[in-house]
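Architecture at a glance
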Amino acid sequence: MSDTSDVPRVRSDSTSSMTSQSSSARLMLRQRLAQLLTCLEDLSSDDEANEEVSRTLDEAFHLCGRYTNRESFRLHMVTWNVSTAEPPADVRSLLQLDSQPANDLYVIGLQEVNATPVRYISDLIAEDSWSHLFMDTLGPMGYIKVTSMRMQGLLLILFAKQVHLPFIRDIQSTYTRTGLFGYWGNKGGVSVRFSFYGHMLCFLNCHLAAHMNYALQRMDEFEYILDTQDFDMYNTPNVLDHKVVFWFGDLNFRIADHGMHFLRSSINNGRFNLLWDRDQLTMMKKKEPILQEFEEGPLRFKPTYKFDRFSETYDTSGKKRKPAWTDRILWRIKPKAIETDDENCSTTSSVDDDEYPVKVMQEMYTCDVSYGVSDHKPVIGTFNLEMRKKVETPLVTLTVEEHWSADENATFTYTILENFESSTRDWIGLYKIGFKSASDYSTFTWVKDDEVAAIGEVVTVQIKNELPLLAGDYVLGYYSTNMQTLIAFSPTFQILDSKRAVMEGLVSENINGHEK
């Protein structure tokens, strides 16, 4: 009988065969993708065929997402030059609040908000009328104003669902003036950057130089804004260091060469594609390397400037401005670093990009012509941000163990789970469900008085005699002074009607067992 002790052992489990099958399947998928790219090159220019292929690819992307740890977040963006007007009565259609699934983030950029000296100073003391309207509209729907940035007529506001706030961190904002040689803020850019589940995002709202002949100046202003805006972040000190950048606003690029009759005829017949090749921004992208890094959806909507107010009629004044797509939304995904042997060249690792990539898919790019308070129409862009979460643990937990009532002192606990720039000036607010911002609290209390709590320490806090008298659903929110945002929330809990509310006739008798 032959000795078989030296014969190599063959695995009898499925691992090796599964690995081989997986490699073969992946190779086949790559081959099919290569065939698809060839097919796309041969595809006709028919819009309907292109859209059908695009829808099929979207389905394929969603199918891939089901087999990975990637999640999709919906972003709704608006840019609108409001021409110093007061806001309309309703912006629900602009925000598309009935869309399903619901949006996760709202980013709203306005230009030419009324900034007369008296008005501007009053807006610094209290929120401006546009911010109030958006907060009043989005607050009851569960969206909270995270932050905003204002530079004279430029305004940028970020809203998010409450569930995302603990994972929106490292918020910073800045601005750049370009009006009057950089001394005046009627033109320029404002930006907000933050970490979203560990991914670095930046939103840059610009209002660039006007008029047909200033296309090169607009480019100079954009590059100046990129060069001068910086953040106190070691890994993303500049705008273009962020993983995803959204550049939007009244960029003021015009449609060159075409006469008024051809412009209006093409628009009235819905043949927008006849105007694309003379759009100044499109033309600039062919020769400006920085613009080639930005993407934009097709301009399949009416040029958004210039309209007679409260109408869908282009300018009939003596100036008769030519229609143009002045209001735009573009985005850029940070290119992967190029490895080099030169020690003086940047060799930033792209491992993070490979393991935690972000995909940006635009779902809608359009304007809403129904709004007439301005001579510009607002532009809407909706996106899916697909990513793997790099951060999933909140910095703090808050616990409420039972119902509260103004008749008794209320007690809760908080625990710091991870190290962050905590401070004795941090505070915990009581928020009624539907609140609009961090300052929209019913009452608050400071965290541990004389020292910062240690990680893992359970801190008990008491709120005395300051609770609402009437019943309602509430949450507690931990506000970090250094991070300038709410970083944790308790589960929703109830505050019951108090005896005092019954005594003062604020509620009916025998509520919660209380009698007058």
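The rules we used
Residues numbered from 1 in each chain as written. Predicted model: local features only at pLDDT ≥ 70, side-chain atom pairs only at ≥ 80, totals over all residues. Heavy atoms only, no water. Helix = DSSP H or I, 4+ residues; strand = E, 2+ residues; numbered from the N terminus. Buried < 20%, exposed > 50% of the residue type's maximum accessible area, 1.4 Å probe, protein only. Contact = heavy atoms within 4.5 Å. Areas by Shrake-Rupley, 256 points an atom, 1.4 Å probe, with all protein chains shown as cover. Patch = residues over 30% accessible without salt bridge, like charges linked within 9 Å, V, L, I, M, F, W, Y side chains within 5 Å. Salt bridge = Lys/Arg side-chain N within 4 Å of Asp/Glu carboxyl O. Lys, Arg positive; Asp, Glu negative; His and termini not counted. Charge placed at Lys NZ, Arg CZ, Asp CG, Glu CD. Pairing = 2+ DSSP bridges. Polar contact = N/O pair within 3.5 Å; in protein donor to acceptor, adjacent residues only side chain to side chain. pLDDT = per-residue confidence, 0-100. Axes fitted to C-alpha atoms, helices over the stretch in contact; angles between N-to-C directions. Disulfide = S-S within 2.5 Å. Phe/Tyr/Trp six-rings, centres within 6.5 Å; stacked < 30°, edge-to-face > 60°.

1. Describing the overall build of the protein
- The secondary structure content of the protein amounts to 12 helices and 20 strands.
- Taking all 516 residues of the protein together, 46% fall into the buried category.
- When contacts within the protein are restricted to residue pairs at least 6 apart in sequence, those whose partners lie at least 24 apart make up 68%.
- Of the roughly 26,800 Å² of accessible surface on the protein, 50% is carried by carbon and sulfur atoms.

2. Let's talk about a negative patch on the surface
- A cluster of acidic residues, Asp46, Asp47, Glu48 and Glu52, forms a negative patch at the surface.
- Mapped onto the elements of the fold, glutamate 48 is located in helix 2 (residues 47-66).

3. A look at the pattern of salt bridges
- Counted according to the given criterion, the structure contains 11 salt bridges.
- For the salt bridge of arginine 70 with glutamate 386, the shortest nitrogen-to-oxygen distance reads 2.9 Å. With arginine 70 in the loop between helix 2 and strand 1 (71-81) and glutamate 386 in strand 11 (residues 379-387), this pair connects stretches of sequence that are 316 residues apart.
- With its nearest N and O atoms 3.8 Å apart, the salt bridge here joins aspartate 375 to lysine 306. Here aspartate 375, found in the loop between strand 10 (358-367) and strand 11, pairs with lysine 306, found in the loop between helix 10 (289-292) and strand 9 (327-333); they are 69 residues apart in sequence, far enough to count as distant. Lysine 306 shares its class with aspartate 375; the two are buried.

4. Let's talk about the pairing of strand 3 (residues 143-151)
- Among the 9 residues that make up strand 3, 8 are buried, leaving the element largely enclosed by the rest of the structure.
- For strand 3 and strand 4 (residues 154-161), the ladder comprises 8 bridges, and the chain directions are antiparallel. Bridge assignment links methionine 149 to a residue of strand 4, and that residue is leucine 156.
- Between strand 3 and strand 4, which follow one another and run antiparallel, lie 2 residues, and glutamine 152 among them has a positive phi close to 50°.

5. Here we look at the environment of threonine 326
- Position of threonine 326 among the secondary structure elements: in the loop between helix 10 and strand 9.
- The exposure class of threonine 326 is buried, given its relative accessible area of 0%.
- For the pair threonine 326 and lysine 306, spaced 20 residues apart in the sequence, the C-alpha separation amounts to 9.1 Å.
- Among all residues touching threonine 326, those that are not within four sequence positions of it are Gly249, Asp250, Leu251, Asn252, Phe253, Arg254, Thr304, Tyr305 and His376.
- Among the polar contacts listed, one links the side chain of threonine 326 to the side chain of aspartate 327, at a separation of 2.8 Å.

6. Quick look at the confidence of the model for the protein
- Per-chain confidence: the protein averages 86 in pLDDT, with 84% of residues scoring 70 or above.
- Taken together, the stretch residues 1-19 has pLDDT below 50 and engages in 1 contact with residues farther than four places along the chain or on a different chain.
- Throughout residues 340-351 the model reports pLDDT below 50, and contacts reaching past four residues in sequence, or to other chains, amount to 11 contacts.

7. What about the sheet that holds strand 3?
- Across the sheet, 6 strands lie side by side as 3-4-2-1-11-10; this open sheet has mixed pairing. Two strands close off the open sheet at either side, each with one partner strand: strand 3 and strand 10. Neighbour-to-neighbour, the strand axes of the sheet open up by a mean angle of 15°, direction not taken into account.
- By the bridge criterion, 9 bridges tie strand 10 to strand 11 in an arrangement that is antiparallel. Opposite lysine 359, over in strand 11, you have glutamate 386 as the bridge partner.
- Against the sheet, helix 5 (residues 129-138) makes contact with strand 1, strand 2 (105-111), strand 3 and strand 4, and its axis sits at roughly 15° relative to strand 4, the strand it touches most.

8. Concerning the state of the cysteines
- Summed over the entire model, instances satisfying the criterion amount to 0 disulfides.
- No disulfide involves cysteine 202; its sulfur sits 9.9 Å from that of cysteine 206, the nearest cysteine.
- Overall, the relative accessible area of 0% leaves cysteine 206 in the buried class.

9. Structural notes on the packing of aromatic side chains
- By the definition in use, this model includes 30 aromatic pairs.
- Where tyrosine 106 meets tyrosine 143, the ring centres are 5.0 Å apart and the plane angle is 90°; that geometry is what we call edge-to-face. In this pair, tyrosine 106 sits in strand 2 while tyrosine 143 sits in strand 3, placing the two residues 37 residues apart along the sequence. Each of the two residues, tyrosine 106 as well as tyrosine 143, counts as buried.
- Taking the centre distance of 5.3 Å and the plane angle of 75° together, the rings of tryptophan 331 and phenylalanine 383 count as edge-to-face. Of this pair, tryptophan 331 sits in strand 9 while phenylalanine 383 sits in strand 11, placing them 52 residues apart in sequence.

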